[in-house]
Amino acid sequence: MPSVQPALDHPAARAAAAPAAQTVPASRTAPAAWATTTARAVPARFRDRQVLPPSAGPAAAGAGHDALLPVVGADLDVPLVGGGRVRHVNLDYAASAPSLVAVADQVARLLPYSASVHRGAGFGSQVCTAVYETARDEVGHFLSVRTDDTVVFTRNTTDAVNLLAHCVAHAVGRAARVVVLDLEHHANLLPWSAVRREVVESRTTPEETLDALAAALRAEPTALLAVTGASNVTGERLPLAQLAAVAHDAGARLFVDAAQLAPHARINLAGLGIDYLALSGHKLYAPFGAGALVGRRDWLDAAPPYLAGGGAVREVTPDSVTWADAPARHEAGTPNLPGVAALATACRTLAQLPAEALAAHDLALRHRLADGLGALPGVRVLACWPTAGTDGTRAPVGVVTFTLSGHHPDAVAGYLAAEHGISLRAGRFCAHPLLRRLGAPGGALRASVGVGSTTADVDQLIEALDEYLTEGPRWRYACGPGGWAPTPDDRALPEWAASTSAARAPAALPCGT
């Protein structure tokens, strides 16, 4: 797909982006104002001006202390249970990352043009259509796709994986074999029930795991190997280029769930040999509701539409329908234009970051997290491959999951939020098989960082946990319909941290998994 470069919002830039002149009857010549700001030229306004702050340049590449990019909500303050307010410390990027300021600005610029995509001759409709199709090119450029790949916009990664499973079932057949690892997010486990799924147990090292997958692929014909790019539990990365080679040698294709990898590392889909990839905007610094399935066109064209409806067709009669090719075939209905534009803006903004700056920032904060947690008594940091290296191109991304011996993770998360204004995730992270294998069937705590995170954020978490372990919480906590929260007007007893009914609560909680 062609590269879409940022352009300044300048008359000359808009003129350069205008479509080639067409021959029209003199009586229908457009007025001057329309001709000079055509709908196809307007997208230049949305190919944002330089969006990186000065601190995000190469000079900051090795710092790893300050935020790399400004995010919405960075200055948000939240109430504490005992009164007062503090700056919110967001260490839950792996669940849903905050939107970049550049993304919010882009959506605000687009909304005044709100009109139907692909359906209308009006100025607003032409603008929205151009923005939508430009976004498709930008997402493809961000992922370094092949010229014959296509980008289908979806709701999120889960939606994208279900779409691919639907296409495999129809293009290859419901007997098609798909091989997955046991460390996957449920989004890359459950959808494959549409075909024949085989789960391979990951081994004690990445190399042994690669060998186990190779053996499984050789055992019988396989259509697809489906793996995560980076674990949403441990942050560990898989050797994607090697997995692609193993899959292709066995006559299979490779699908990568990149929901956790894409926000942290550059992905060269063509260079790595990835056949299909899925990601979510809400993990990539865009708002909820937009994602993408990216990859080879043939399976997508061979399957009937994921959803039947307007926009997915070429021709309809009362008795027949001729479907459009992908991506339109799987994008029926009015699309989520603000979400798609936001996703494309996030991709473009991240692509402007020097790769070394993103890697250094991520690795520095992850090391600080892991080292700080490891120094606390009773803390165990979870890992699929504890002896694997943490440097180089496969260094884990900024996700660290841990347990505190004798303390229920949801109660600890409630304490951190209520008494310190710190958000992280507690539960089983939609990866139940992996949590059981890692010895945490009842759940764990997960801290995750991103481009808006700072050293101060990490240090506040470590200090709050140290206070919890040495002094105990100031309030009593209980599990209710909305999760763990302080008991109203009930000061905690001194011995609460050592022995409490809340700490012995069952693993099945109403606050989600």
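Residue numbers restart at each chain and count upward from 1, following the sequence in its written direction. Local features in this predicted model are restricted to residues of pLDDT 70 or higher, and side-chain atom pairs are both shown and tallied only at a pLDDT of 80 or more, whereas totals for entire chains, interfaces and linings draw on every residue. The side-chain values count all of the structure's non-hydrogen atoms but skip hydrogen atoms and water molecules.

1. Considerations on the pattern of salt bridges
Operational definition: Salt bridges, as used here, are contacts in which a Lys or Arg side-chain nitrogen is within 4 Å of a carboxyl oxygen on Asp or Glu. Helix numbers and strand numbers start at the N terminus; a helix is a DSSP run of H or I with at least 4 residues, a strand a run of E with at least 2. Working definition: with a 1.4 Å probe on protein chains only, accessible area under 20% of the residue-type maximum means buried, over 50% means exposed, and in between means partly exposed.
Tallied over the full model, the rule gives 18 salt bridges. The salt bridge involving R136 is made with E331; its shortest N-O contact spans 2.9 Å. Pair noted here: R136 is in helix α5 (residues 123-142) and E331 is in the loop between β12 (321-323) and α11 (337-352), with a separation of 195 residues, a long-range link. The two residues R136 and E331 agree in class, both being buried. Through salt bridges with shared partners, a single network forms among R177, R196, E198 and E220.

2. Here's the deal with the packing of aromatic side chains
Defined as follows: The pairing test for Phe, Tyr and Trp rings, Trp by its six-membered ring, is centres within 6.5 Å, and the orientation test on the planes gives stacked under 30 degrees, edge-to-face over 60, and tilted for anything in between. Lysine NZ or arginine CZ positioned within 6 Å of the ring centre and within 35 degrees of the ring normal marks a charge as sitting over the ring.
Using the criterion set out here, one finds six aromatic pairs in the structure. For the pair Y113 and F123, a centre-to-centre distance of 6.3 Å together with 45 degrees between the ring planes defines the contact as tilted. Here Y113 is found in the loop between α4 (101-110) and α5, whereas its partner F123 is found in helix α5, with 10 residues between them in sequence. Across from the ring centre of W299, 4.3 Å away, lies the NZ or CZ of R253, which sits over that ring.

3. Things to note about the environment of F288
For clarity, the threshold we go by: In this description, contact between two residues means that some pair of their heavy atoms is separated by no more than 4.5 Å.
Positionally, F288 belongs in the loop between β9 (276-280) and β10 (291-296). Separated by 190 residues in the primary sequence, F288 and P98 have C-alpha atoms spaced 9.9 Å apart. Setting aside residues no more than four positions away along its own chain, F288 makes contact with S96, H282 and N336.

4. Notes on the side chain of S202
Our working rule: Polar contact is defined as a pair of N or O atoms within 3.5 Å, subject to the rule that within protein one atom must be able to donate a hydrogen and the other to accept it, and that residues adjacent in sequence are counted only when both atoms are side-chain atoms.
For S202, the position within the fold is in the loop between β6 (196-200) and α7 (206-219). The class of S202 is buried, set by a relative accessible area of 2%. Polar side-chain contacts of S202 include one of 2.4 Å to the side chain of R437. Residues contacting S202, with those up to four places away along its chain left out, are L181, D182, L183, T209 and R437.

5. With respect to the sheet that holds strand β13 (residues 379-381)
Stated formally: At least two DSSP bridges between two strands are required for those strands to pair. Note on definitions: angles span 0 to 180 degrees between N-to-C directions of axes, and those axes are lines fitted to C-alpha atoms, for helices only across the stretch in contact.
The strand order across the open sheet built from four strands is β13-β14-β17-β16, with neighbouring strands paired in antiparallel fashion. Edge positions in the sheet fall to β13 and β16 (425-427), since each of these pairs with one other strand and no more. Strand-to-strand, the axes of this sheet are offset by a mean angle of 30 degrees, without reference to chain direction. As paired strands, β16 and strand β17 (residues 444-448) are joined by three bridges and run antiparallel to one another. In the strand pairing of β17, A426 is matched with L445. Its contacts with the sheet place helix α12 (residues 355-374) against β13, β14 (399-404) and β17, and it is angled at close to 10 degrees to β14. Set on the sheet, helix α13 (residues 409-420) makes contact with β14, β16 and β17; between it and β17 the angle comes to about 45 degrees.

6. Section: a nonpolar patch on the surface
The following threshold applies: What goes into a patch is any residue over 30% in relative accessible area without a salt bridge, connected to like charges within 9 Å or, for nonpolar side chains (Val, Leu, Ile, Met, Phe, Trp, Tyr), within 5 Å. All accessible areas in this document rest on Shrake-Rupley with a 1.4 Å probe, and a residue is counted as covered only by the protein chains that are shown.
Together, V313, V316 and V321 make up an exposed nonpolar region whose accessible area comes to about 200 Å². The topology assignment puts V313 in strand β11 (residues 313-316). For V313, a relative accessible area of 30% translates into the label partly exposed.

7. Digging into the sheet that holds β10
Strands belonging to one sheet form pairs held by backbone hydrogen bonds; the direction of such a pair is parallel or antiparallel. In spatial order, the strands read β4-β10-β9-β8-β7-β5-β6; together these seven strands make up an open sheet with mixed pairing. Single-partner strands in this sheet number two, and they are β4 (149-154) and β6. Taking each pair of neighbouring strands and ignoring which way they run, the sheet shows an average axis angle of 20 degrees. Docked against the sheet, α5 engages β4 and β10, running at close to 120 degrees with respect to β4.

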